[in-house]
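Summary of structural features
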Amino acid sequence: MRSPGRPMPARHVERAFWRLIAQGKRTEEAALELGVSTPVAVRWFRHAGGMPPLSLAEPSGRYLSFSEREEIALRKAQGQGVRAIARELKRDPGTISRELRRNAATRSGKREYRATVAQWKAQVAARRPKPAKLASNPRLKEYVQTRLSGQLRRPDGRVAAGPPTTWKGLNKPHRADRRWATAWSPEQISRRLVVDFPDDEDMRISHEAIYQALYIQGRGALKRELVACLRTGRALRKPRERSRNRPQGHVTAGVVLSERPAEVEDRAVPGHWEGDLIIGLNRSAIGTVVERTSRYTLLVHLPRLEGYGTVPPVKNGPALGGYGAIAMKDALQSTMTAMPEGLLRSLTWDRGKELSAPIQFKIDTGIAVYFADPHSPWQRGTNENTNGLLRQYFPKGTDLSRWDLEDLLAVQTAVNSRPRKVLGWKTPAEALDEQLRLLQPASVATTG
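Keep in mind the model is a prediction, meaning the values are calculated, not measured. (Residues numbered from 1 in each chain as written. Predicted model: local features only at pLDDT ≥ 70, side-chain atom pairs only at ≥ 80, totals over all residues. Heavy atoms only, no water.)

Side note on the overall build of the protein chain
The secondary structure content of the protein chain amounts to 16 helices and seven strands. Counting only contacts in the protein chain whose residues sit at least 6 apart along the sequence, the fraction spanning at least 24 positions is 61%. (Helix = DSSP H or I, 4+ residues; strand = E, 2+ residues; numbered from the N terminus. Contact = heavy atoms within 4.5 Å.)

With respect to the side chain of Glu 99
Its place among the elements puts Glu 99 in helix 6 (residues 93-102). With relative accessibility at 6%, the residue Glu 99 sits in the buried group. There is a polar contact of 2.9 Å between the side chain of Glu 99 and the side chain of Asn 103. (Buried < 20%, exposed > 50% of the residue type's maximum accessible area, 1.4 Å probe, protein only. Polar contact = N/O pair within 3.5 Å; in protein donor to acceptor, adjacent residues only side chain to side chain.)

Some remarks on the packing of helix 2 (residues 27-34) against helix 3 (residues 38-47)
Contact geometry of helix 2 with helix 3 gives a least axis separation of 9 Å together with a crossing angle of 125 degrees. The angle between the axes of helix 2 and helix 3 places the two elements in the oblique class. In the packing of helix 2 onto helix 3, the handedness of the crossing is right-handed. Here Thr 27, Glu 28 and Ala 31 of helix 2 come into contact with helix 3, specifically with Thr 38, Ala 41, Val 42 and Phe 45. Considering only residue class, the contact of helix 2 with helix 3 consists of four nonpolar, two polar and one charged. (Axes fitted to C-alpha atoms, helices over the stretch in contact; angles between N-to-C directions. Parallel < 35°, antiparallel > 145°, perpendicular 65-115°, else oblique. Left-handed = near helix turned anticlockwise from the far one by under 90°. Nonpolar A, V, L, I, M, F, W, Y, C, P; charged D, E, K, R; others polar.)

Quick notes on the environment of Glu 70
In this fold, Glu 70 is placed in helix 4 (residues 66-77). Put simply, Glu 70 and Thr 116 are 46 residues apart on the chain and 8.0 Å apart in space, counted from C-alpha to C-alpha.

Notes on unusual backbone geometry
The phi torsion at Arg 267 lies on the positive side, around 60 degrees, for a residue other than glycine. Tracing the backbone through its elements, the reader meets Arg 267 in the loop between helix 11 (207-215) and strand 3 (272-280). On the basis of relative accessibility, which here comes to 25%, the residue Arg 267 falls in the partly exposed class. We note that Trp 425 has phi near 70 degrees; this positive angle belongs to a residue other than glycine.

Examining the sheet that holds strand 6 (residues 346-349)
Sheet architecture is open: five strands sit in the order 5-4-3-6-7, paired in mixed fashion. Edge positions in the open sheet fall to strand 5 (297-300) and strand 7 (368-371), since each of these has one partner strand only. With strand direction ignored, the average angle separating the axes of adjacent strands in the sheet is 25 degrees. One ladder, built from four bridges, connects strand 6 with strand 7; its direction is parallel. Within the sheet, the bridge partner assigned to Thr 348 lies in strand 7 and is Tyr 370. Packed on one face of the sheet, helix 12 (residues 325-336) meets strand 3, strand 4 (284-291), strand 5 and strand 6 and runs near 140 degrees to strand 5. Helix 14 (residues 381-390) rests against strand 3, strand 4 and strand 5 of the sheet, and its axis sits at about 40 degrees to strand 3. (Pairing = 2+ DSSP bridges.)

Here we look at the nonpolar core
Formed by 27 residues in total, the largest nonpolar core has its most connected members in Trp 273, Val 289, Leu 332, Met 336, Leu 347 and Trp 349. Secondary-structure elements contributing two or more residues to this core are strand 3, strand 4, strand 5, helix 12, strand 6 and strand 7. Top element by residues in this core is helix 12. It accounts for four residues. Not counting residues within four places of it along the chain, the set of residues in contact with Met 336 comprises Trp 273, Val 289, Leu 298, Leu 344, Leu 347, Phe 361 and Ile 367. By size, the runner-up hydrophobic cluster in this structure holds 24 residues, among which are Leu 140, Ile 205, Ile 216 and Leu 222. (Core = buried A, V, L, I, M, F, W, Y, C linked by side-chain atoms within 4.5 Å.)

Considerations on the pattern of salt bridges
Counting across every chain of the model gives 18 salt bridges. Between Glu 71 and Arg 75 there is a salt bridge, and its shortest N-O distance comes to 2.9 Å. With a gap of four residues between them, Glu 71 and Arg 75 both fall in helix 4, about one helical turn apart. When its relative accessible area of 26% is taken as the criterion, Glu 71 is described as partly exposed. Sharing partners across several salt bridges, the network here consists of Glu 71, Arg 75 and Glu 88. (Salt bridge = Lys/Arg side-chain N within 4 Å of Asp/Glu carboxyl O.)

Observations concerning the packing of aromatic side chains
Scanning all chains against the criterion turns up five aromatic pairs. A ring pair is formed by Tyr 143 and Phe 197, whose centres lie 5.6 Å apart and whose planes are at 70 degrees; its orientation type is edge-to-face. Of this pair, Tyr 143 sits in helix 9 (residues 138-149) while Phe 197 is found in the loop between helix 10 (186-196) and helix 11, placing the two residues 54 residues apart along the sequence. Through pairs of rings, three or more aromatic residues link up here, namely Phe 17, Trp 18, Trp 44 and Phe 45. Against the face of Tyr 143 rests Arg 147, its NZ or CZ located 3.8 Å from the ring centre. In this structure, Arg 237 is placed above the aromatic ring of Tyr 211, and the distance from its NZ or CZ to the ring centre is 5.1 Å. (Phe/Tyr/Trp six-rings, centres within 6.5 Å; stacked < 30°, edge-to-face > 60°. Lys NZ or Arg CZ within 6 Å of the ring centre and 35° of its normal.)

Comments concerning the pairing of strand 3
Buried residues dominate strand 3, accounting for eight of its nine residues. As defined by bridge partners, strand 3 adjoins strand 6 across four bridges and the pair is classed as parallel. Considered in strand 6, the bridge of His 272 is made with Ser 346. Counted between consecutive antiparallel strands, the loop separating strand 3 from strand 4 contains three residues, among which Asn 282 sits at a positive phi close to 55 degrees.

A closer look at the environment of Glu 58
Within the element layout of this structure, Glu 58 appears in the loop between helix 3 and helix 4. For the pair Glu 58 and Arg 15, spaced 43 residues apart in sequence, the C-alpha separation works out to 8.5 Å. If we skip the residues at most four places from it in the chain, Glu 58 touches Arg 15 and Arg 19.

Examining the packing of helix 5 (residues 82-89) against helix 6
Packing of helix 5 against helix 6 brings their axes to within 8 Å, and their N-to-C directions diverge by 115 degrees. Every pair of crossing elements has a handedness; the one defined by helix 5 and helix 6 is right-handed. Residues Val 82, Arg 83, Ile 85, Ala 86 and Leu 89 of helix 5 lie in contact with helix 6, whose contacting residues are Pro 93, Ile 96, Ser 97 and Leu 100.

As structure tokens, then:
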């Protein structure tokens, strides 16, 4: 068998690599876990455009696996015959015979069966490259390319060229001119084809196929630099899991959501809270903290600091709006520490920088802080729902700094005195009282 060049990675290794990528692992981490060199793993990722080039499902038992080929090589080296190997592997003798004949290594001038070479030959023989639809249909390719990268035109019909740009192949360039184009999204193009060509089945393509033509090298359909016409401008597809549960800025590895105790999820143990800010006009805000089990709500008063509106803002200076990191920590600490110690276990917060000192907050209060993933409000669903209820009293588009602490306490009492369906029509205050009564015997026993 003529050598096709550099051997491709074994399918089971490549499949394991893309599974780790789908779990949110970085390319370097996936390479280290699989024992693959980092440059090779980076090349796999870039050549595939960040998209798995193969199915991640385990193949059926119809074909020999790499582990079976290793077993064949071992038993062949021990001198066992074809039928003996077939009995051990529970395969047909013809399957073993064809495997030894087709996929044996021949570089040394004689047939010598090696599992790695056999796996490589089998993968090369199994490839059935299918031409991309855009490469085989020039009319469809022209339609897609025009809607994706076509030129803008002024009202008089003249071309609006936009700024001169050069595509450097970087992933989502920041703070630089972007190419001006009609820039329809692949989904818009895919859906519009049905409208423009209702009776022409040849003019159909899925938006995923357009993304593959852009991201995966060697498809021969669309030029890679046309990714600059996408809204994000990414040269590689970003695996969704990578943005989740990832340390970033003030969110370190010890305070991501995956580090939160498992007992928080089922709401069986009281004392776990969720929090965020309600933002109003003119940089005003109110902090909200909700206990997950009882739905009891605390409102955090965040008055503006002295000098707001009169002292010019200073870069890296104090946040005079009232919810800077220091002011937020102090206000949240004074509010939450008024609760019984048994109800102060953990706090799940949004990724906002107003709580950018979680370690100091834990030292001062004993409450562990964990941060939800970016753009994942459902991970703090109790708090999000409560904030929606509070908008009855603090509507969007209003200045929240006009309300003093007494006003906030009045609203807090009203919210905690409303019966809730999720609590069996008890009020959050009543549910909290039940929790406190359950905690008292435990605390007495511990003291004794």
